[in-house]
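As a plain string of letters, each chain reads:
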Amino acid sequence: MRLDPRLGGAAALRLLLAAHVVAAFEPITVGIAIGAASALTGYLSYKDLYCRFAECCRSERPLNASALKQDLEEKLFGQHLATEVILKALTGFKNNKNPKKPLTLSLHGWAGTGKNFVSQIVAENLHPKGLKSNFVHLFVSTLHFPHEQHIKLYQDQLQRWIQGNVSACAGSVFIFDEMDKLHPGVIDAIKPFLDYYEQIDGVSYRKAIFIFLSNAGGDLITKTALDFWRAGRKREDIQLKDLEAVLSVGVFNNKHSWKCASHEPALSPLGSQATAASTSPHAASSGRLNFLGESGDPSVP
(Lines give C-alpha, C1' and ligand atoms only; values in the text may rest on other atoms or scores of the structure.)
Protein backbone atom coordinates (compact mmCIF):
# COMPACT_ATOMS: atom_id res chain seq x y z
CA MET A 1 0.00 0.00 0.00
CA ARG A 2 1.41 3.41 -0.99
CA LEU A 3 1.19 6.19 1.59
CA ASP A 4 -0.40 9.44 0.44
CA PRO A 5 2.45 12.05 0.53
CA ARG A 6 0.13 14.63 2.08
CA LEU A 7 -0.74 12.23 4.88
CA GLY A 8 2.91 11.47 5.45
CA GLY A 9 3.80 15.15 5.61
CA ALA A 10 1.01 15.91 8.08
CA ALA A 11 1.96 12.96 10.26
CA ALA A 12 5.60 14.04 10.23
CA LEU A 13 4.65 17.55 11.32
CA ARG A 14 2.53 16.25 14.20
CA LEU A 15 5.35 13.99 15.35
CA LEU A 16 7.84 16.84 15.26
CA LEU A 17 5.55 19.13 17.23
CA ALA A 18 5.04 16.44 19.80
CA ALA A 19 8.78 15.90 19.99
CA HIS A 20 9.30 19.59 20.62
CA VAL A 21 6.91 19.55 23.59
CA VAL A 22 8.58 16.62 25.35
CA ALA A 23 12.17 17.44 24.36
CA ALA A 24 13.11 18.60 27.84
CA PHE A 25 11.75 15.45 29.49
CA GLU A 26 12.12 12.48 27.17
CA PRO A 27 15.13 12.59 24.80
CA ILE A 28 14.51 8.97 23.75
CA THR A 29 10.98 9.83 22.66
CA VAL A 30 12.37 12.75 20.66
CA GLY A 31 14.75 10.45 18.83
CA ILE A 32 11.96 7.99 18.04
CA ALA A 33 9.73 10.82 16.80
CA ILE A 34 12.45 12.14 14.51
CA GLY A 35 13.14 8.67 13.18
CA ALA A 36 9.44 8.07 12.54
CA ALA A 37 9.10 11.42 10.80
CA SER A 38 11.99 10.56 8.53
CA ALA A 39 10.46 7.20 7.69
CA LEU A 40 7.08 8.74 6.89
CA THR A 41 8.49 11.43 4.64
CA GLY A 42 10.72 8.89 2.96
CA TYR A 43 13.59 11.20 2.08
CA LEU A 44 14.78 13.11 5.17
CA SER A 45 17.82 11.78 7.00
CA TYR A 46 18.41 12.65 10.64
CA LYS A 47 21.05 15.20 9.59
CA ASP A 48 18.78 16.76 6.97
CA LEU A 49 16.00 17.10 9.49
CA TYR A 50 18.28 18.51 12.16
CA CYS A 51 19.74 21.06 9.75
CA ARG A 52 16.25 22.40 9.02
CA PHE A 53 16.05 23.64 12.60
CA ALA A 54 19.71 24.37 13.42
CA GLU A 55 22.72 25.71 11.56
CA CYS A 56 24.94 23.01 10.10
CA CYS A 57 28.39 23.15 8.60
CA ARG A 58 28.10 22.21 4.93
CA SER A 59 31.73 22.41 3.82
CA GLU A 60 31.05 20.17 0.84
CA ARG A 61 28.13 22.26 -0.38
CA PRO A 62 29.03 23.76 -3.78
CA LEU A 63 29.23 27.51 -4.10
CA ASN A 64 26.36 29.14 -5.95
CA ALA A 65 28.58 31.16 -8.25
CA SER A 66 25.63 32.79 -9.99
CA ALA A 67 24.27 34.12 -6.69
CA LEU A 68 27.70 35.41 -5.65
CA LYS A 69 28.17 37.11 -9.02
CA GLN A 70 24.76 38.74 -8.75
CA ASP A 71 25.44 39.97 -5.21
CA LEU A 72 28.78 41.49 -6.19
CA GLU A 73 27.44 43.14 -9.33
CA GLU A 74 24.28 44.50 -7.72
CA LYS A 75 25.64 45.55 -4.33
CA LEU A 76 29.24 46.53 -4.97
CA PHE A 77 29.89 49.70 -6.98
CA GLY A 78 33.07 50.93 -8.60
CA GLN A 79 35.14 47.86 -7.76
CA HIS A 80 35.42 45.96 -11.01
CA LEU A 81 38.75 44.36 -10.11
CA ALA A 82 37.52 43.08 -6.76
CA THR A 83 34.31 41.69 -8.29
CA GLU A 84 36.19 39.79 -10.97
CA VAL A 85 38.92 38.34 -8.79
CA ILE A 86 36.79 37.40 -5.79
CA LEU A 87 34.39 35.50 -8.03
CA LYS A 88 37.22 33.60 -9.72
CA ALA A 89 39.10 32.86 -6.52
CA LEU A 90 36.08 31.61 -4.55
CA THR A 91 34.66 29.60 -7.43
CA GLY A 92 37.99 27.92 -8.13
CA PHE A 93 38.57 27.15 -4.46
CA LYS A 94 35.11 25.74 -3.75
CA ASN A 95 35.13 23.65 -6.93
CA ASN A 96 38.40 22.05 -5.87
CA LYS A 97 37.60 18.93 -3.83
CA ASN A 98 41.15 18.68 -2.53
CA PRO A 99 42.74 22.12 -2.14
CA LYS A 100 46.41 22.14 -1.20
CA LYS A 101 46.04 25.03 1.24
CA PRO A 102 43.37 27.37 2.64
CA LEU A 103 42.03 30.23 0.55
CA THR A 104 43.49 33.52 1.74
CA LEU A 105 42.36 36.90 0.46
CA SER A 106 43.98 40.20 1.41
CA LEU A 107 41.75 43.21 0.69
CA HIS A 108 43.43 46.62 0.60
CA GLY A 109 42.09 50.17 0.39
CA TRP A 110 41.03 53.20 2.40
CA ALA A 111 38.23 53.00 4.96
CA GLY A 112 34.84 53.33 3.27
CA THR A 113 35.86 51.65 0.01
CA GLY A 114 33.96 48.44 0.69
CA LYS A 115 36.36 45.93 2.26
CA ASN A 116 34.08 45.00 5.16
CA PHE A 117 31.07 45.02 2.87
CA VAL A 118 32.74 42.57 0.49
CA SER A 119 33.74 40.26 3.33
CA GLN A 120 30.09 40.30 4.45
CA ILE A 121 28.92 39.33 0.94
CA VAL A 122 31.46 36.51 0.83
CA ALA A 123 30.43 35.24 4.26
CA GLU A 124 26.73 35.23 3.34
CA ASN A 125 27.40 33.24 0.19
CA LEU A 126 29.41 30.65 2.09
CA HIS A 127 27.19 30.42 5.19
CA PRO A 128 23.59 31.71 4.96
CA LYS A 129 23.72 33.50 8.33
CA GLY A 130 26.75 35.48 7.23
CA LEU A 131 28.54 37.29 10.03
CA LYS A 132 26.01 35.86 12.50
CA SER A 133 26.97 32.31 11.56
CA ASN A 134 28.70 30.06 14.07
CA PHE A 135 31.18 29.28 11.31
CA VAL A 136 32.20 32.87 10.47
CA HIS A 137 34.60 34.59 12.86
CA LEU A 138 35.43 38.29 12.78
CA PHE A 139 38.45 39.76 14.57
CA VAL A 140 39.18 43.48 14.79
CA SER A 141 42.80 44.21 15.67
CA THR A 142 42.17 47.23 17.87
CA LEU A 143 39.34 45.48 19.70
CA HIS A 144 40.54 41.90 20.13
CA PHE A 145 44.32 42.41 20.24
CA PRO A 146 44.84 45.93 21.68
CA HIS A 147 47.76 45.42 24.10
CA GLU A 148 51.26 44.71 22.84
CA GLN A 149 52.32 43.29 26.21
CA HIS A 150 49.74 40.48 25.85
CA ILE A 151 50.91 39.20 22.47
CA LYS A 152 51.81 35.73 23.78
CA LEU A 153 48.35 35.36 25.30
CA TYR A 154 46.74 36.54 22.05
CA GLN A 155 48.79 34.05 20.05
CA ASP A 156 47.77 31.11 22.22
CA GLN A 157 44.10 32.09 22.32
CA LEU A 158 43.92 32.73 18.59
CA GLN A 159 45.56 29.44 17.66
CA ARG A 160 43.25 27.49 19.96
CA TRP A 161 40.21 29.33 18.55
CA ILE A 162 41.16 28.60 14.95
CA GLN A 163 41.99 24.97 15.68
CA GLY A 164 38.78 24.36 17.62
CA ASN A 165 36.52 25.95 15.04
CA VAL A 166 38.11 24.32 12.01
CA SER A 167 37.83 20.98 13.84
CA ALA A 168 34.10 21.64 14.16
CA CYS A 169 33.67 22.98 10.61
CA ALA A 170 36.34 22.53 7.94
CA GLY A 171 34.85 25.38 5.90
CA SER A 172 35.12 27.98 8.65
CA VAL A 173 35.70 31.59 7.60
CA PHE A 174 38.04 33.88 9.56
CA ILE A 175 38.00 37.63 8.88
CA PHE A 176 40.75 39.86 10.30
CA ASP A 177 40.02 43.57 10.10
CA GLU A 178 42.58 46.40 10.47
CA MET A 179 45.53 44.18 9.62
CA ASP A 180 47.65 47.31 9.24
CA LYS A 181 47.24 47.85 12.99
CA LEU A 182 47.84 44.24 14.06
CA HIS A 183 51.13 43.56 15.80
CA PRO A 184 53.42 41.26 13.76
CA GLY A 185 53.66 38.88 16.69
CA VAL A 186 49.95 38.13 16.43
CA ILE A 187 50.27 37.67 12.68
CA ASP A 188 52.91 34.99 13.32
CA ALA A 189 50.28 32.92 15.14
CA ILE A 190 48.16 32.78 11.96
CA LYS A 191 50.86 31.83 9.46
CA PRO A 192 51.11 28.07 10.20
CA PHE A 193 47.44 27.61 9.25
CA LEU A 194 47.94 29.20 5.82
CA ASP A 195 50.67 26.99 4.41
CA TYR A 196 50.82 23.69 2.51
CA TYR A 197 50.39 21.39 5.50
CA GLU A 198 48.17 18.35 5.10
CA GLN A 199 47.41 18.50 8.83
CA ILE A 200 48.54 20.31 11.94
CA ASP A 201 48.03 18.37 15.17
CA GLY A 202 45.53 16.14 13.39
CA VAL A 203 43.47 18.97 11.90
CA SER A 204 43.35 19.90 8.20
CA TYR A 205 42.94 23.59 7.43
CA ARG A 206 42.85 23.22 3.64
CA LYS A 207 39.16 24.04 3.28
CA ALA A 208 39.15 27.04 5.60
CA ILE A 209 39.03 30.62 4.30
CA PHE A 210 41.00 33.55 5.73
CA ILE A 211 40.16 37.13 4.73
CA PHE A 212 42.48 39.98 5.72
CA LEU A 213 41.35 43.62 5.52
CA SER A 214 43.93 46.39 5.52
CA ASN A 215 44.23 50.12 4.84
CA ALA A 216 47.87 49.65 3.86
CA GLY A 217 48.54 50.97 0.37
CA GLY A 218 45.22 52.82 0.25
CA ASP A 219 46.84 56.18 -0.51
CA LEU A 220 48.82 54.73 -3.42
CA ILE A 221 45.78 52.94 -4.81
CA THR A 222 43.82 56.19 -4.70
CA LYS A 223 46.68 58.02 -6.42
CA THR A 224 46.64 55.50 -9.25
CA ALA A 225 42.89 55.98 -9.72
CA LEU A 226 43.37 59.76 -9.67
CA ASP A 227 46.14 59.56 -12.30
CA PHE A 228 43.79 57.63 -14.58
CA TRP A 229 41.08 60.25 -14.09
CA ARG A 230 43.46 63.11 -14.85
CA ALA A 231 44.53 61.31 -18.02
CA GLY A 232 40.91 61.15 -19.14
CA ARG A 233 40.76 57.39 -18.75
CA LYS A 234 37.86 55.47 -17.25
CA ARG A 235 38.06 53.86 -13.86
CA GLU A 236 37.26 50.52 -15.49
CA ASP A 237 40.45 50.85 -17.57
CA ILE A 238 42.55 50.20 -14.48
CA GLN A 239 44.01 46.71 -14.66
CA LEU A 240 45.51 44.52 -11.99
CA LYS A 241 49.01 45.10 -13.27
CA ASP A 242 48.59 48.86 -12.83
CA LEU A 243 48.38 48.40 -9.06
CA GLU A 244 50.90 45.63 -8.48
CA ALA A 245 53.99 47.73 -7.94
CA VAL A 246 52.40 50.57 -5.96
CA LEU A 247 50.59 48.26 -3.59
CA SER A 248 53.68 46.17 -2.96
CA VAL A 249 55.52 49.33 -1.90
CA GLY A 250 52.68 50.50 0.32
CA VAL A 251 52.32 47.16 2.08
CA PHE A 252 56.06 46.71 2.50
CA ASN A 253 56.49 50.15 4.05
CA ASN A 254 53.78 49.51 6.65
CA LYS A 255 55.50 47.89 9.62
CA HIS A 256 52.35 46.05 10.69
CA SER A 257 51.33 44.80 7.25
CA TRP A 258 50.98 41.11 6.54
CA LYS A 259 53.63 40.61 3.86
CA CYS A 260 52.27 37.40 2.39
CA ALA A 261 54.12 37.81 -0.89
CA SER A 262 57.45 37.64 0.93
CA HIS A 263 56.92 34.17 2.39
CA GLU A 264 54.56 32.32 0.03
CA PRO A 265 53.87 32.09 -3.72
CA ALA A 266 50.89 34.43 -3.83
CA LEU A 267 48.07 33.92 -6.27
CA SER A 268 48.00 37.64 -6.55
CA PRO A 269 45.08 39.28 -8.33
CA LEU A 270 47.72 41.86 -9.10
CA GLY A 271 49.58 39.47 -11.35
CA SER A 272 49.14 36.95 -14.13
CA GLN A 273 48.30 34.10 -11.78
CA ALA A 274 44.87 35.49 -10.92
CA THR A 275 43.11 33.63 -13.72
CA ALA A 276 44.99 30.42 -12.99
CA ALA A 277 43.52 30.34 -9.50
CA SER A 278 40.08 29.54 -10.76
CA THR A 279 41.18 26.83 -13.14
CA SER A 280 44.12 24.99 -11.63
CA PRO A 281 43.63 22.88 -8.50
CA HIS A 282 47.34 23.24 -7.80
CA ALA A 283 47.44 27.03 -8.03
CA ALA A 284 48.33 28.93 -4.90
CA SER A 285 45.09 30.02 -3.29
CA SER A 286 45.88 33.42 -1.87
CA GLY A 287 45.44 36.90 -3.23
CA ARG A 288 45.57 40.61 -2.65
CA LEU A 289 42.70 42.78 -3.81
CA ASN A 290 42.66 46.52 -4.25
CA PHE A 291 39.79 48.86 -3.48
CA LEU A 292 39.98 51.92 -5.68
CA GLY A 293 38.17 54.41 -3.48
CA GLU A 294 35.00 56.41 -3.87
CA SER A 295 33.27 56.72 -7.21
CA GLY A 296 30.28 58.51 -8.65
CA ASP A 297 28.18 55.40 -8.08
CA PRO A 298 26.14 54.86 -4.90
CA SER A 299 28.55 54.56 -2.00
CA VAL A 300 29.52 51.22 -0.52
CA PRO A 301 29.14 50.89 3.26
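Preceding this paragraph is the structure being described.
Presented here is a report on the structure given in the accompanying data block.

Quick notes on the rules
For every chain, the first residue of the written sequence is number 1, and numbering continues from 1 along that sequence. The predicted origin of the model limits local features to residues at a pLDDT of at least 70 and limits the giving and counting of side-chain atom pairs to 80 or more, whereas totals for whole chains, interfaces and linings rest on all residues. Each side-chain value is derived from all of the structure's non-hydrogen atoms; neither hydrogens nor water enter the calculation. What counts as a disulfide here is a pair of cysteine sulfur atoms lying within 2.5 Å. For each residue, the accessible area found with a 1.4 Å probe, counting protein chains only, is set against the maximum for its type, and the residue is called buried under 20%, exposed over 50%, and partly exposed in between. Helix and strand labels come from DSSP, where a helix needs a run of H or I of at least four residues and a strand needs a run of E of at least two; each type is numbered from the N terminus. For every element, the axis is a line fit to its C-alpha atoms; helices are fit only across the contacting stretch, and the angle between N-to-C directions ranges from 0 to 180 degrees. Roughly parallel means an angle under 35 degrees; roughly antiparallel, over 145; roughly perpendicular, 65 to 115; everything else is oblique. A clockwise turn of the near helix away from the far one marks a right-handed crossing, whereas an anticlockwise turn of less than a right angle marks a left-handed crossing. Whether two residues are in contact is decided by their heavy atoms: any pair within 4.5 Å suffices. Classification used: nonpolar for Ala, Val, Leu, Ile, Met, Phe, Trp, Tyr, Cys and Pro, charged for Asp, Glu, Lys and Arg, polar for all others including Gly.

## Quick notes on the state of the cysteines
Here, the word disulfide means a covalent bond between the sulfur atoms of two cysteines. Enumeration according to the criterion identifies two disulfides in this entry. Between the sulfur atoms of C51 and its disulfide partner C56 the distance amounts to 1.9 Å. Taking the sign of the torsion about the S-S bond as the criterion, the disulfide between C51 and C56, at about -100°, is left-handed. On the accessibility criterion, C56 (18% relative accessible area) is buried. Paired by a disulfide, C57 and C169 hold their sulfur atoms 2.0 Å apart. One quick way to see it: the torsion about the S-S bond of C57 and C169 is about 70°, and its sign makes the bridge right-handed.

## What about unusual backbone geometry?
Its identity as a non-glycine residue notwithstanding, E178 has a phi of 60°, on the positive side. Mapped onto the elements of the fold, E178 is located in the loop between strand 3 (173–177) and helix 9 (184–190). A positive phi is found at D201, a non-glycine position, where the angle reads about 55°. With respect to the helices, strands and loops of the structure, D201 is situated in the loop between helix 9 and strand 4 (209–214).

## A closer look at the packing of helix 4 (residues 65–75) against helix 6 (residues 115–126)
The interhelical angle for the contact between helix 4 and helix 6, taken along N-to-C directions, is 155°, at an axis separation of 10 Å. If you check the angle between helix 4 and helix 6, you find them roughly antiparallel. In this structure, helix 4 meets helix 6 at a crossing whose hand is right-handed. For the pair helix 4 and helix 6, contact is made by A67, L68, D71, L72 and K75 and by F117, I121, E124 and N125, respectively. In the contact of helix 4 with helix 6, the residues fall into five nonpolar, one polar and three charged.

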